[in-house]
Amino acid sequence: MIVKKLLSILLTVLFLSLVVSCGQQQKEKAGQLPEMVNVDLSIKPATGELNKPITFEAKVTQGNEEVNDADSVIFEIWRANDEKQEKVEIKHAEKGVYRLEKTFQQEGTYYIISHVTARDMHNMPKKEFIVGTPSESEDPKAKDSMDGMNMDDHDQSTEGQ
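Residues numbered from 1 in each chain as written. Predicted model: local features only at pLDDT ≥ 70, side-chain atom pairs only at ≥ 80, totals over all residues. Heavy atoms only, no water.

Colleague: Any chance you could explain the overall build of the chain here in plain terms?
Modeller: Looking only at helices and strands, one finds two helices and eleven strands in the chain. Secondary structure elements of the chain occur, N-terminal to C-terminal, as α-β-β-β-β-β-β-β-β-β-β-β-α. Across the chain, every contact between residues at least 6 apart in sequence was considered, and the portion connecting residues at least 24 apart equals 62%. (Helix = DSSP H or I, 4+ residues; strand = E, 2+ residues; numbered from the N terminus. Contact = heavy atoms within 4.5 Å.)

Colleague: Just to check I follow, could you spell out the confidence of the model for the chain for this structure?
Modeller: The predicted coordinates should not be examined in detail at positions where pLDDT is low. When pLDDT is averaged across the chain, the result is 81; 68% of the residues are at 70 or more. Within the model, pLDDT remains below 50 along residues 142-161, and this stretch shows twelve contacts once partners closer than five positions in the same chain are excluded. (pLDDT = per-residue confidence, 0-100.)

Colleague: When you look at the nonpolar core in this model, what are you seeing that I'm missing?
Modeller: Nonpolar side chains in soluble globular proteins tend to end up buried together. Of all hydrophobic cores here, the largest spans 24 residues; its most connected members are Phe56, Phe75, Ile77, Phe104, Ile112 and Phe129. If you list the elements that add at least two residues to this core, you get β1 (37-44), β3 (54-62), β5 (72-79), β8 (97-102), β9 (108-118) and β11 (126-131). If we skip the residues at most four places from it in the chain, Phe129 touches Ile43, Ala46, Ile54, Phe56, Ile77, Phe104, Gly108, Thr109, Tyr110, Tyr111 and Ile112. (Core = buried A, V, L, I, M, F, W, Y, C linked by side-chain atoms within 4.5 Å. Buried < 20%, exposed > 50% of the residue type's maximum accessible area, 1.4 Å probe, protein only.)

Colleague: What should I look at first to understand the pairing of β3 in this one?
Modeller: Along any regular strand, the residues point their side chains to alternate faces of the sheet. The element β3 is extensively covered by neighbouring structure, given that eight of its nine residues are classed as buried. Bridge analysis of β1 against β3 gives eight bridges, and the strand direction is antiparallel. Looking across to β3, one finds that Leu41 is bridged to Ala58. The pairing of β3 with β8 spans six bridges and is antiparallel. Among the inter-strand pairings, Ile54 is bridged to a residue of β8, identified as Lys102. Two strands pair when backbone bridges link them, and β3 and strand β4 (residues 65-66) are joined in this way by two bridges, in the antiparallel orientation. By the bridge assignment, Gln62 is partnered in β4 with Glu65. Remark: two residues form the turn of the hairpin made by β3 and β4, two consecutive strands paired antiparallel; Gly63 in that turn has positive phi of roughly 65 degrees. (Pairing = 2+ DSSP bridges.)

Colleague: Explain the side chain of Lys102 here, please?
Modeller: Structurally, Lys102 can be placed in strand β8. In terms of polar contacts, Lys102 uses its side chain to reach the side chain of Glu86, at 2.9 Å. (Polar contact = N/O pair within 3.5 Å; in protein donor to acceptor, adjacent residues only side chain to side chain.)

Colleague: What am I meant to see in the environment of Ser42 here?
Modeller: Mapped onto the fold, Ser42 is located in strand β1. In this structure Ser42 comes out as partly exposed when scored by relative accessible area, which is 21%. Considered as a pair, Ser42 and Phe56 are 14 residues apart in the sequence and their alpha carbons are 5.8 Å apart.

Colleague: Where do I start with the packing of aromatic side chains in this structure?
Modeller: The geometry of an aromatic ring pair comes down to the distance between the two centres and the angle between the two planes. Applying the stated criterion across every chain, the model contains six aromatic pairs. Aromatic pair Phe56 and Phe129: ring centres 5.1 Å apart, planes at 65 degrees, arrangement edge-to-face. Of the two residues, Phe56 sits in strand β3 while Phe129 sits in strand β11, which places them 73 residues apart along the sequence. Judged by its relative accessible area of 0%, Phe56 falls in the buried class. By relative accessible area, Phe129 is classed as buried at 2%. Pairwise contacts between aromatic rings join Phe56, Phe104, Tyr110 and Phe129 into one cluster. (Phe/Tyr/Trp six-rings, centres within 6.5 Å; stacked < 30°, edge-to-face > 60°.)

In structure tokens:
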């Protein structure tokens, strides 16, 4: 009789400690921020020719995991200093890659931004590419989305607040 009581108390204590331990692990995981969604935008070939296809790929990952379920991937393409922009919604191709193949009928310097929304995050890298003979760039520092950003200006605007 005493052995049964001790055994039931011991089992109850073990069960409760297991439940508490699992609950603490859940709280620790809930407090962690998820890894950012990374977008590796590539253009092949980097310098294209008129009326020959250029392949644009956005490789979307989160940590070591390929993102095959992005909510939205849109490639926005335009020729430098041209007001007309083309937006194309892209479907998943394979292994976290979203791909567009496109030909161009006009030479010049072009830009592409991949607008990727996945797992409650948004990432939009920008690249410059050339078809045939380059035209005047919009901004000589615009080759990549974060290049040329002067963070000193941003820091100064928040000093004294």
